Amino acid sequence: MIKPISPKFALSVYLRAEASAKVVQCFAETGEFEKIVMYSQKVGFTPDYVHILRMILHSNPDKSVDYAKSLVAQDPPLADVGQIVDAFEQMNMVQQCTAFLLEALKGDKDEHAELQTRLLEMNLRAAPQVADAILGNKMFTKYDRQKVAQLCEQAGLLTRALENYTDLFDIKRAIIHTHLLKPEFLVSYFSTLAVDDALECLREMLTKNIRQNLQICVQIAAKYHEHLTTAALIELFESFKSYEGLFYFLGAIVNSSEDAEVHFKYIEAACKTGQIKEVERITRVAVSLSAASRWRVAPLGGSGVAAMDCSSDAPDAASAIKGWHDAIPAAVRAAAREAACNARHVRVARRRRTTKDFDGAVFVAEAAQLGHRIALADARGSATRIFPPAAASRE
């Protein structure tokens, strides 16, 4: 009778009568939620705290978070955290539940693994940006990584998905979408992968969209070539016949590398992509093409390329050119021909191979002085071809 007219007067009556359940109900109805816990503990009364929370969620949602926090601030907690979360979820109050759990789950404890997963799951479904921030702050580590990673992928948070995936199949599925990932993250991410997994991911990226993914694959290859091995990366780009990728990858490391294979493959890739000026630049310093540093592709007159034996035990320059030509390894011969024999023949200078007075050194010097470029003899070594620097391209 008194309560509808004066709730406060009714409360004083309930207090004197020690009607604890009525007192707690009055505190809830009048919004004095902070007094519920204090009163109950003082008189030794144990109300249904979760039921009271549901009442508050209906009547005053803004106060629900503080009340829920007060329940778990006690040691031991006055209510089960899981039941509190259930109450919030039943009312679809994700924001309030998130605020409560961020406080309740402090400490990143093992026993909170399921609750961490529920927190991330509800936000990934309702508010992905909030989940992204939580994961970015690295507040929790005990959650179900596989489940959260799948939800991140579904929500378009590929960075967070990759951070949590551990299975190579899942990683390969997510990593191909490079347009949704920041390049700096991708490059850094590869440092966390095993060698074989990293190579598999690069192969998958090139397979799915080589045009879109080539640039980032080159950056990754250049940064981790020592870890992944240069030979494996060369084989990777060659398997896709991506000489452009090979050229840019090797271009990033060739100046600091003493590996003969790196220099040769770089020159070969430069030739195949039409980067003749780069071939001339790299060969101007007589870059070695063999493991023994014997054969080099060197410039002549600043505009041409020829294969030359630069080792200390090289044949006498005055010896027969045919012998010099035949001694050149096939791979070196092909690279030099690719670089130098790309113009119409302007003049073919034939010299008898047995002429004793033929001086190869003088011949090379004269060609260089005239600005001609000297190509290799043909397969039989029967002719040495001389091209002026301005020779037209072969049709």
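Here the structure is a predicted model, which means the values were calculated and not measured.

Enquirer: Please explain the side chain of S242 as it appears in this structure.
Expert: Position of S242 relative to the elements: it lies in the loop between α16 (230-239) and α17 (243-251). Owing to a relative accessible area of 8%, S242 belongs among the buried residues under this scheme. A distance of 3.2 Å separates a polar side-chain atom of S242 from the backbone nitrogen of G245. If sequence neighbours within four positions are ignored, S242 has contacts with I210, L214 and F237.

Enquirer: Can you help me understand the environment of T192 in this one?
Expert: With respect to the element layout, T192 can be found in the loop between α13 (183-189) and α14 (195-223). Once the C-alpha coordinates of T192 and E163 are considered, the two residues, 29 residues apart in sequence, prove to be 9.5 Å apart. A polar contact is formed between the side chain of T192 and the backbone oxygen of Y189, at a distance of 2.6 Å.

Enquirer: Sorry, what's going on with the environment of L105 here?
Expert: By the secondary structure assignment, L105 is in the loop between α7 (94-104) and α8 (113-126). Residue classification places L105 among the buried positions, given a relative accessible area of 0%. Separated by 34 residues in sequence, L105 and M139 place their C-alpha atoms 9.3 Å apart. Beyond its immediate sequence surroundings of up to four residues, L105 is in contact with H112, L115, Q116, L119 and F140.

Enquirer: Any chance you could explain the layout of surface pockets here in plain terms?
Expert: Empty pockets left among the atoms are what a rolling probe the size of a water molecule brings to light. Reported here for the second largest pocket is a volume of approximately 290 Å³. Every residue lining the second largest pocket is counted, 17 residues in all, and those nearest its centre are K138, R145, L162, E163 and N164. Considering every element that reaches the lining of the second largest pocket, the biggest residue donor is helix α11 (residues 158-164), with 3 residues. Classifying every residue of the lining of the second largest pocket gives 9 nonpolar, 4 polar and 4 charged.

Enquirer: What is the right way to read the side chain of T117 from this model?
Expert: With respect to the helices and strands, T117 occurs in helix α8. Looking at T117, its side chain comes within polar contact range of the main-chain nitrogen of D144, at 2.9 Å. With near-sequence residues (within four places) excluded, T117 lies in contact with Y143, D144 and K147.

Criteria and cut-off values
- Residues numbered from 1 in each chain as written.
- Predicted model: local features only at pLDDT ≥ 70, side-chain atom pairs only at ≥ 80, totals over all residues.
- Heavy atoms only, no water.
- Helix = DSSP H or I, 4+ residues; strand = E, 2+ residues; numbered from the N terminus.
- Buried < 20%, exposed > 50% of the residue type's maximum accessible area, 1.4 Å probe, protein only.
- Polar contact = N/O pair within 3.5 Å; in protein donor to acceptor, adjacent residues only side chain to side chain.
- Contact = heavy atoms within 4.5 Å.
- 1 Å grid on protein atoms, 1.4 Å probe; cavity = no way out; pocket = protein on both sides within 12 Å on 5 of 7 lines; lining within 4 Å.
- Points joined across faces, edges and corners; volume = space filled by probe spheres on them.
- Nonpolar A, V, L, I, M, F, W, Y, C, P; charged D, E, K, R; others polar.

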